[in-house]
Amino acid sequence: MIKIAILGSTGSIGTQTLDIVRKNKDLEVVGIAAGSNIAMLEEQIREFHPRLAAVGDEEKAAELRVRVKDTDCKVAGGMDGLLELAAMKESQILVTAIVGMIGIRPTIEGMKAGKDIALANKETLVTAGHIIMPLAKEYGVRILPVDSEHSAIFQALNGEEHKTIDKLLITASGGPFRGKKTKDLEHIQVEDALKHPNWAMGQKITIDSATLVNKGLEVMEAKWLFGMDLNQIQVVVQPQSVIHSMVQFTDGSIIAQLGTPDMRLPIQYAIYGGTRRYLDGERLDFAKLGSITFENPDMETFRGLPLAMEAARAGGSMPTVFNAANEKAVALFLQRKIRFLDIYTIIEDAMERHEVVSNPTVEEILKIEQEIYKRIESRW
Ligand code: NAD
Ligand code: MG
């Protein structure tokens, strides 16, 4: 039996993780956590019988406690609750399906308690990769990628030696606005940006896909996960989202992982520690597909990617600034307080004003995050 705890069980990755648990008799959910959706948490408690449920919002936690008092599930609240869930003794693997930098502390807590991490929460690795990766080594835990591109690379690297990797080719769909130019993006509405061509995901990552910030975060995520130099990572646009990423080796071979876009595959592959199990779902039909096409990303229009590369090259606290400014800008865009293109302006402005702190501690990272949030809130 593999016992798992899920941080962010009510979201897109969280609910798909539960779907994998439903289909596999050797998986057991021992803990779940979410921000505020207690109606869904209650349903999950009644279906999966976890021992612990954590709710980010303290008041909602109190409400949930009353709603499930007839069950054996303990309910915890706030950051302390998330930390308790991350370290709970019954679990072996922590699925980090929470969105944003709020995942940093629980992820670290989980590793310190010896949990393998099935990592979807890329913001944690982007901002604190220099802390997370050495900690994983120190505590002897694995960081198993859930992001489809990184899972594809993980699959392509199975049995290969690190020194034979020439470069990683991270594929991108190009998002819903591929082919458009800056002037076409001036009046983009929230609804347009939320229409991803190939994947159904949470709102924040869907906007990040439209700005190509997501691809920038994924480049940084890959750098940490696979110990690569930035100049060994290339983004290739592959609009059909059939090739999930590729690795080029020093002999010129390229190994790619293909399949229909279905996040349950990388989630399942991570939970089983990089081994395969049966998974239902549509299979790829090459004749029906017809062709797979490639192009370079449009870095002039979709500045999320070059800004991320700049932040990655600056290193230290700059990826935190990039990520925190983006998190706040996306929240404002979803609240219709700023325009789509303002997201780039906000990120760029935050980066320009920042003086890099090298090797920031978790406390420094979280302090910079709050400073960035405050400054953006006061100016927009
Ligand atoms: P989502 O918005 O659908 O779900 C987020 C989850 O986090 C929810 O369960 C929510 O309740 C929880 N959460 C948010 N704030 C919280 C708080 N303060 N306290 C406790 N819980 C809180 O997001 P998602 O699309 O599932 O993405 C989750 C992560 O996975 C992100 O980092 C994203 O970049 C990454 N990811 C997602 C996909 C995808 O297909 N959805 C693919 C690759 C990577
Ligand atoms: Mg991805």
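Scroll up for the structure.
Thresholds, definitions, all that
Residues numbered from 1 in each chain as written. Chains lettered and ligands numbered in written order. Predicted model: local features only at pLDDT ≥ 70, side-chain atom pairs only at ≥ 80, totals over all residues. Heavy atoms only, no water. Pairing = 2+ DSSP bridges. Helix = DSSP H or I, 4+ residues; strand = E, 2+ residues; numbered from the N terminus. Axes fitted to C-alpha atoms, helices over the stretch in contact; angles between N-to-C directions. Contact = heavy atoms within 4.5 Å. Donors = N, O, S within 2.8 Å, 3.2 Å for Na, K, Ca; no water. Buried < 20%, exposed > 50% of the residue type's maximum accessible area, 1.4 Å probe, protein only. Parallel < 35°, antiparallel > 145°, perpendicular 65-115°, else oblique. Left-handed = near helix turned anticlockwise from the far one by under 90°. Nonpolar A, V, L, I, M, F, W, Y, C, P; charged D, E, K, R; others polar. Salt bridge = Lys/Arg side-chain N within 4 Å of Asp/Glu carboxyl O. Core = buried A, V, L, I, M, F, W, Y, C linked by side-chain atoms within 4.5 Å. Near = heavy atom within 4 Å. Polar contact = N/O pair within 3.5 Å; in protein donor to acceptor, adjacent residues only side chain to side chain.

A look at the sheet that holds strand 10 (residues 243-249)
Link 1 in the chain: Taken in spatial order, the four strands line up as 9-8-10-11 in an open sheet, and their pairing is mixed. Strands with a single pairing partner mark the edges of an open sheet, and in this sheet they are strand 9 (233-237) and strand 11 (254-258). The sheet shows a mean angle of 20 degrees between the axes of neighbouring strands, taken without regard to direction.
Link 2 in the chain: Taken together, the four bridges between strand 8 (residues 165-172) and strand 10 define a ladder with antiparallel strand orientation. Bridge pairing links Leu169 to Met246 in strand 10.
Link 3 in the chain: Of the strands in this sheet, strand 8, strand 10 and strand 11 touch helix 7 (residues 148-156), which is tilted by about 40 degrees from strand 10.

Things to note about the environment of Met101
Link 1 in the chain: Turning to its location among the elements, Met101 is positioned in the loop between strand 5 (93-96) and helix 5 (104-112).
Link 2 in the chain: Separated by 204 residues in the primary sequence, Met101 and Leu305 have C-alpha atoms spaced 19 Å apart.
Link 3 in the chain: Setting aside anything within four residues of it in sequence, one finds Met101 in contact with Glu123, Thr127, Thr320, Asn323, Ala324, Glu327, Ile365, Leu366 and Glu369.

What about the sheet that holds strand 2 (residues 27-34)?
Link 1 in the chain: Strand order across the open sheet formed by seven strands is 4-3-2-1-5-6-7, with parallel pairing between neighbours. Looking at the sheet topology across the chains shown, the edges are occupied by strand 4 (74-77) and strand 7 (143-145). The mean inter-strand angle of the sheet, taken between neighbouring strand axes irrespective of direction, is 25 degrees.
Link 2 in the chain: Relative to strand 4, strand 3 (residues 52-55) runs parallel, the two being bridged by four bridges. Bridge pairing in strand 4 places Leu52 opposite Lys74.

Notes on the coordination of the magnesium ion (ligand 2)
Link 1 in the chain: Taken together, Asp147 (OD), Glu149 (OE) and Glu218 (OE) make up the protein donors of the magnesium ion (ligand 2), found 2.1 to 2.2 Å from the metal.
Link 2 in the chain: One chain supplies every donor for the magnesium ion (ligand 2), spaced along it as D-x1-E-x68-E. For the residue pair Asp147 and Glu149, the accessibility class agrees, reading buried in each case.

A word on the packing of helix 1 (residues 12-23) against helix 2 (residues 38-48)
Link 1 in the chain: Two elements in contact, helix 1 and helix 2, have axes separated by 12 Å at closest approach and are oriented at 15 degrees. Taken together, the axes of helix 1 and helix 2 are roughly parallel relative to one another. Between helix 1 and helix 2 lies a crossing of left-handed hand. Seen from helix 1, the contacting residues are Thr15, Leu18, Val21 and Arg22; seen from helix 2, they are Met40, Gln44, Glu47 and Phe48.
Link 2 in the chain: The class makeup of the residues in the contact of helix 1 with helix 2 is four nonpolar, two polar and two charged.

As for the packing of helix 4 (residues 78-87) against helix 5
Link 1 in the chain: Relative to each other, helix 4 and helix 5 sit at 30 degrees, their axes nearing to 7 Å. By the angle between their axes, helix 4 is roughly parallel relative to helix 5. Considering the relative orientation of helix 4 and helix 5, their crossing is right-handed. The residues of helix 5 that touch helix 4, namely those facing Met79, Leu82, Leu83, Ala86 and Ala87, are Arg105, Pro106, Glu109 and Gly110.

Things to note about the pattern of salt bridges
Link 1 in the chain: The final tally for this structure, using the stated rule, is 29 salt bridges.
Link 2 in the chain: The closest approach of N and O atoms between Lys122 and Glu218, which form a salt bridge, is 2.9 Å. Of the two residues, Lys122 is situated in helix 6 (residues 122-139) and Glu218 in helix 10 (residues 213-226); the sequence distance between them amounts to 96 residues.
Link 3 in the chain: Judged by relative accessible area, Lys122 falls into the buried class, the value being 4%.
Link 4 in the chain: In this structure Glu218 comes out as buried when scored by relative accessible area, which is 1%.
Link 5 in the chain: The residue Glu348 makes a salt bridge to Arg303 at a minimum N-O spacing of 2.8 Å. Taken together, the positions of Glu348 in helix 15 (residues 342-353) and Arg303 in the loop between helix 12 (286-289) and helix 13 (304-314) put the pair 45 residues apart, joining distant regions of the chain.
Link 6 in the chain: Bridged by salt links that share partners, the residues Asp19, Arg22, Lys23, Glu47, Asp262, Arg264 and Asp280 form one connected network.

Overview of the nonpolar core
Link 1 in the chain: Membership of the largest hydrophobic core comes to 125 residues, with the highest contact counts inside it found for Phe322 and Phe340.
Link 2 in the chain: Looking at which element gives the most residues to this core, the answer is helix 14 (residues 318-334), with nine residues.
Link 3 in the chain: Those residues in contact with Phe340, other than ones at most four positions away along the chain, are Phe177, Leu185, Ile188, Ala193, Ala210, Thr211 and Phe333.

Considerations on the site of ligand 1
Link 1 in the chain: Taken together, 23 residues lie near ligand 1, and Thr10, Ser12, Gly35, Glu123 and Gly202 sit nearest.
Link 2 in the chain: The separation between an oxygen atom of ligand 1 and a polar side-chain atom of Glu123 is 2.7 Å.
Link 3 in the chain: Secondary structure elements with two or more residues in the shell around ligand 1: helix 1 and helix 6.
Link 4 in the chain: Tallied by class, the residues present in the shell around ligand 1 amount to 11 nonpolar, nine polar and three charged.

What to know about the environment of Phe177
Link 1 in the chain: Checked against the element boundaries, Phe177 lands in the loop between strand 8 and helix 8 (190-193).
Link 2 in the chain: It is 9.4 Å that separates the C-alpha atoms of Phe177 and Pro197, two residues lying 20 residues apart in sequence.
Link 3 in the chain: In contact with Phe177, other than residues within four places in its own chain, are Leu185, Ile188, Asp192, Ala193, Ala210, Phe302 and Phe340.

As far as function goes, none of this settles anything; it's purely spatial.
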